[in-house]
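Descriptive analysis of the structure
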Protein chains: 2
Amino acid sequence: MKFEVTILGSSSATPIFNRNPTAQVLNINEKLYLVDCAEGTQQQMLRFDVKASRIDYIFISHLHGDHYLGLVGLLSSMHLNGRKKAIKLFCPAPLKEIIELQLKYSETTLHYPIDYVFTDATQKGIILENQDVFVETIPLDHRIPCTGFLFRQKKRLRKLIKEQIEGLDVPIAQYSALKKGADYTAPDGTVYKNETLTIAPEEPKSYAYVSDTLYTEKYLQQINSATLLYHEATFLHDMLDRANQTHHTTALQAGEVAVRVNAGKLIIGHFSARYKTLNELLEEAQSVFPNTELAVEGKTFIISE
Amino acid sequence: MKFEVTILGSSSATPIFNRNPTAQVLNINEKLYLVDCAEGTQQQMLRFDVKASRIDYIFISHLHGDHYLGLVGLLSSMHLNGRKKAIKLFCPAPLKEIIELQLKYSETTLHYPIDYVFTDATQKGIILENQDVFVETIPLDHRIPCTGFLFRQKKRLRKLIKEQIEGLDVPIAQYSALKKGADYTAPDGTVYKNETLTIAPEEPKSYAYVSDTLYTEKYLQQINSATLLYHEATFLHDMLDRANQTHHTTALQAGEVAVRVNAGKLIIGHFSARYKTLNELLEEAQSVFPNTELAVEGKTFIISE
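Being a predicted model, the structure only gives us computed values, none of them experimental. (Residues numbered from 1 in each chain as written. Chains lettered and ligands numbered in written order. Predicted model: local features only at pLDDT ≥ 70, side-chain atom pairs only at ≥ 80, totals over all residues. Heavy atoms only, no water.)

So, about the UniProt feature "binding site: Zn(2+) 1" (unreviewed entry) in chain A. With numbering aligned to this structure, UniProt lists the feature "binding site: Zn(2+) 1" (unreviewed entry) at A:His62, A:His64, A:His142 and A:Asp212. With the annotated positions falling across 151 residues, the maximum pairwise C-alpha distance of 10.3 Å places them together in a single cluster. For A:His64, the position within the fold is in the loop between strand S4 (55–59) and helix H2 (71–80). Ignoring sequence-local partners within four residues, the contact set of A:His64 consists of A:His142, A:Arg143, A:Ile144 and B:Ser106. On the secondary structure map, A:His142 appears in the loop between strand S8 (133–139) and strand S9 (147–153). With sequence-adjacent residues up to four places away left out, A:His142 is seen in contact with A:His62, A:His64, A:Asp212, A:Thr213, A:Thr246, A:His247 and A:His248. (UniProt positions renumbered as here; feature names shortened; annotations may be inferred. Helix = DSSP H or I, 4+ residues; strand = E, 2+ residues; numbered from the N terminus. Contact = heavy atoms within 4.5 Å.)

Below you can see the structure in the form of structure tokens.
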């Protein structure tokens, strides 16, 4: 099952030439999930050929402009482009008020519904479950209420071993139970252990999106063993005081998080505009967690094939 | 005195790759005036080397997103970049509520004041007068309250003809009156006509920014003889019905406006995303008003040197 993320923006609050503020799009089994939607996200989607019409879910981590100021424009364009199907929007509650105020004064009545699900930054919780994934909020520690999002693939069913099943003439009615792990009792009373008839599915993969936050203990356990971890890394570690003051993380700390939670791979992003080049940030994170990459705009990271 | 406009965005509601929604920046005597501020304006300013710190005045024509959704991000960046001096914002009144709501939820207190001047789309009025220009609102006919903006250079003083002044030993105390057009009476009672002692200054130049509107009579007289006229031209004339329905103008109509008001030159912009190339729009406007150019992003049009 396809499970991948494409970076649309990698900059923090002030945009710099050739770096846009934060947005990402996940493709999970050919459905698109937009994660944060900074100003310019529509242009980035055009640039990297991401079809807005294919987005069904939007997640907004918090209400700093560099994470949501592209949303009203995107919602308006979806409307102008004839969208009819609902969009599910996971966000802090006040975003509804912001969106509705702007639609009111532009005298726009969207031709499709927005189904709001409000996030709670004080505790983790599952906010979405569909056939492919669970999505949980990750409570973070930023200056205003802020959550990350943990995307966990659902555990898939065991796969039948065709030759064994056919050899034993297992009735089709039993297949569903076998896929769920049950043993098979033949008409003659013989019990066949499930492991002899099925193969375990691949372990579910996960993607942890850790948005703006101070480096704290509180979210580590939840993102343990994430297949792919995105972590903000606004500053180099020589600016730790500034990071603490603004409730952000340094590249070194992002690397430490990846080590501590035993992540499969780390992507760092949300770079301060003061860094014209990003090599130092990358090297700093790699010094503790070698399997780190930069959130390069337009780049797609595969979580599961 | 420098008086020029640089195009930052030329697209209408939905952005298309390589065309951004509406924004322009005027340089009048080395002060910058931003006119509309669609999403992505900050990136365009970075691209064309327009310094946000030099902007003292911002004008918003109306509250459709493609004319203002970049504003909150720009105001935030000015704040983060240490701005202290006030910004003067000319806009429909509800924009204050929109901005304040977004600042409230991002828990941002700007380090500089915004001085709001609310526009009235029902009648023309002078909203700014400084040492260089008058700015008037142009009431337009769009689906929601919308104004254009007319920038008129102030009439400058007459220039003294040095040799004449010196030859007659005119006292310095008289210079100011002479520059304003007074005659000079010498100690012996001889009256010297002003025209013999001074040269008329260049005629004041003007720039008319005609934002989203139906083509109507009502704004024509006000923009008569504009040195440079920017007029929206969302559609080709074969889409006149659509233009009327959405309260927009066709390229042919924009050309007709330029003819009727005897404009010096016409720039057309606010192109629908349906037009991948713009030649047909240009040719249509030029068929009635040859001195027409496209609002090409990054291009600067000189109104007065």
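A separate point is the sheet that holds strand S15 (residues 228–232) of chain B. Residue and element names in this part refer to chain B. Ordered in space as S7-S8-S9-S14-S15-S16-S17, the seven strands form an open sheet in which the pairing is mixed. One side of each edge strand has no neighbouring strand; the edge strands of this open sheet are strand S7 (125–129) and strand S17 (292–294). Here the strands of the sheet are splayed against their neighbours by 20 degrees on average, with no regard to which way each runs. With four bridges connecting them, strand S14 (residues 206–210) and S15 associate as parallel partners. Bridging from a neighbouring strand, Tyr209 pairs with Tyr230 of S15. Contacting strand S16 (265–269) and S17, helix H9 (residues 279–288) crosses the sheet at an angle of about 165 degrees to S17. (Pairing = 2+ DSSP bridges. Axes fitted to C-alpha atoms, helices over the stretch in contact; angles between N-to-C directions.)

Our next topic: the interface of chain B and chain A. Counting residues at the interface gives 37 residues for chain B, matched by 37 residues for chain A. Between chain B and chain A, a total of about 2900 Å² is buried, with carbon and sulfur atoms accounting for 60% of that surface. For chain B, the biggest contributors to the area lost against chain A are B:Glu39, B:Gln43 and B:Tyr105; these three give 21% of the whole. Mapped onto the side of chain B that touches chain A, the elements with two or more residues apiece are helix H1 (41–47), helix H2 (71–80) and helix H3 (94–105) of chain B. Per element, the largest residue contribution to the side of chain B that touches chain A is six residues, and it comes from H3(B). For the side of chain B that touches chain A, the residue count by class is 17 nonpolar, 14 polar and six charged. (Buried area = accessible area lost by both parts, 1.4 Å probe. Nonpolar A, V, L, I, M, F, W, Y, C, P; charged D, E, K, R; others polar.)

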